[in-house]
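Fold and contact review
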Amino acid sequence: MIACMPRAATTADAFNAVAEPRRRQILDVLAGGERPVNDLVRALGLAQPQVSKHLRVLREVGAVDVRGEGRQRLYRLNGHALKPIHDWVKTYEQSWSERFDQLDVVLEELKKAEGASGGDE
Amino acid sequence: MTLPTDEQILITREFDAPKHLVYKAWTTPELVKRWWHANRGEMTVAEIDLRVGGRWRYVMVADGGFKVAFHGEYREIVPNERLVSTEVYEAMPDAEALDTLMLADEDARTLMTLLVQHSSKEHRDAHIESGMEDGLQEALDLLEQVASSLR
């Protein structure tokens, strides 16, 4: 049973950014620490323009930050930008958890009612 | 909540009540109305025709006026033990799932297992409304990692 969480889809949001397997791969690599673009090219086995394209999408949603150091551009993960996804997926779990908390209340009453009526089940 | 296969969602929970009461709370309309809303709104409809081939329908008006409706058909009924039904979110009528509720005794407690089986990974992911094309479990693992690094 679905938790009701309508969400407007836009091309430049974190949800779209992580929908692409290559971009998740980039995030995986960056989860290990800051990396220059060359490392990412090597890790993904893609041509640099492709990697740059994915990095641009990730930067647009703030999922990665970039800084220049000398002639190198270093990329790092910005977890805060991805937190909405995490929170949002969690709301599905949470809605069940809240449902069950309510069910606990109902069950307590049923137990009492059964005890009062001398039920032997 | 776990995602055992690409088409499934598995939810488990323990209740401090015997299983016939959990079953009763799950299959009695006026009781369902008291918990199924998950504090997200008010249930205006809870219809349960508890027999094989019988139908159920739940409607909730969420806070803010957004209406969500679900219906399905009972496929298998073993009172106090097992309840299998189809489930359709009326806004996505093509994505029918099969829900299996299982109740097991744990002394005076009940271990509940709810397995939601979708016909495809796409439907399951749409059910969770993840908006992700694929790799939901991997994405969840990654996000879990990311979230814990934020604490």
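This structure is a prediction, so every number in the text was calculated from the model and none was measured.

Procedures and definitions
- Along each chain, numbering runs from 1 in the same order as the chain's sequence is written.
- The lettering of chains begins at A and the numbering of ligands begins at 1, in the order of writing.
- Where totals are concerned, whole chains, interfaces and linings use all residues; where local detail is concerned, this predicted model gives features only for residues with pLDDT of at least 70, and gives and counts side-chain atom pairs only at 80 or more.
- Put simply, DSSP H or I for four residues or longer makes a helix, DSSP E for two residues or longer makes a strand, and each gets a number counted from the N terminus.
- Burial in this document is a count-based property: other C-beta atoms within 10 Å of a residue's C-beta are tallied, and the residue is buried at 20 or more, exposed at 12 or fewer, or partly exposed in between, with C-beta positions derived from the backbone.
- Once C-beta atoms are placed from the backbone, any two residues with those atoms within 7 Å are in contact.
- When DSSP finds two or more bridges between two strands, those strands count as paired.
- Orientation is described by axes fitted as lines to C-alpha atoms, over the contacting stretch for helices, and by angles from 0 to 180 degrees between their N-to-C directions.
- Each residue carries a pLDDT value, the predictor's own confidence for that position, ranging from 0 to 100.
- The scheme is simple: roughly parallel for angles under 35 degrees, roughly antiparallel for over 145, roughly perpendicular for 65 to 115, oblique for anything else.
- In this scheme, a crossing is called left-handed if the near helix is turned counterclockwise away from the far one by less than a right angle; it is called right-handed if the turn is clockwise.
- Three residue categories are used. Nonpolar comprises Ala, Val, Leu, Ile, Met, Phe, Trp, Tyr, Cys and Pro, charged comprises Asp, Glu, Lys and Arg, and polar comprises the others, including Gly.

With that settled, the discussion passes to the environment of D94 of chain B. Residue and element names in this part refer to chain B. Topologically, D94 is positioned in the loop between β5 (82-89) and β6 (96-106). What makes D94 exposed here is the crowd of 10 C-beta atoms within 10 Å. In this structure, the C-alpha to C-alpha distance between D94 and S119, residues 25 residues apart in sequence, is 9.9 Å.

All names here are of chain B. With respect to the secondary-structure elements, Q117 resides in strand β7 (residues 109-118). Separated by 20 residues in the primary sequence, Q117 and A97 place their C-alpha atoms 5.5 Å from one another. The residues contacting Q117, other than those within four sequence positions of it, are E7, Q8, A97 and L98.

Let's shift gears to the sheet that holds strand β3 (residues 72-77) of chain A. All names here are of chain A. Reading across from one edge, β1-β3-β2 is the order of the three strands in this open sheet, with antiparallel pairing throughout. Both outer strands of the open sheet, β1 (35-36) and β2 (64-69), are each paired with one neighbouring strand and no more. As paired elements, β2 and β3 share six bridges and run antiparallel to each other. Residue pairing across strands places V66 opposite Y75, the latter belonging to β3. In the packing of helix α2 (residues 21-31) onto the sheet, contacts are made with β1, β2 and β3, and the angle to β3 comes to roughly 95°.

Looking now at the confidence of the model for chain B. All names here are of chain B. Averaged over every residue, the pLDDT of chain B is 81; residues scoring 70 or more account for 84%. Every residue in residues 130-137 scores below 50 in pLDDT, and together they form 18 contacts with partners more than four places removed in sequence or on other chains. Both scores are given for the predicted complex: the pTM is 0.61, the ipTM 0.71.

All names here are of chain A. One way to put it is that α2 packs onto helix α3 (residues 37-44) with a least axis distance of 10 Å and a crossing angle of 125°. With respect to α3, the element α2 is oriented oblique. Note on packing geometry: the crossing formed by α2 with α3 is right-handed. Contacts between α2 and α3 involve R22, Q25, I26 and V29 from the first element and L40, A43 and L44 from the second. Of the residues assigned to the contact of α2 with α3, the class counts are five nonpolar, one polar and one charged.

Right, let's get into unusual backbone geometry. Residues and elements named next belong to chain B. The phi dihedral of N80 falls on the positive side, at around 70°, and the residue is not glycine. With respect to the helices and strands, N80 occurs in the loop between β4 (67-78) and β5. One non-glycine residue, D107, adopts positive backbone phi at about 55°. With respect to the element layout, D107 can be found in the loop between β6 and β7. Here D107 falls in the exposed class, since 6 other C-beta atoms lie within 10 Å of it.

On to the pairing of strand β3 (residues 55-62) of chain B. Residue and element names in this part refer to chain B. Relative to β3, strand β2 (residues 41-48) runs antiparallel, the two being bridged by seven bridges. Counted as the bridge partner of I48 is W56 from β3. With antiparallel pairing between neighbouring strands as the criterion, β3 and β4 make up a hairpin whose turn holds four residues, including G64 at a positive phi of roughly 105°.

Bringing the confidence of the model for chain A into the picture now. With 80% of its residues at a pLDDT of 70 or more, chain A shows a mean pLDDT of 80. Considering only residues more than four positions removed or in separate chains, one finds that residues 1-10 of chain A, a stretch of pLDDT under 50, has 18 contacts.

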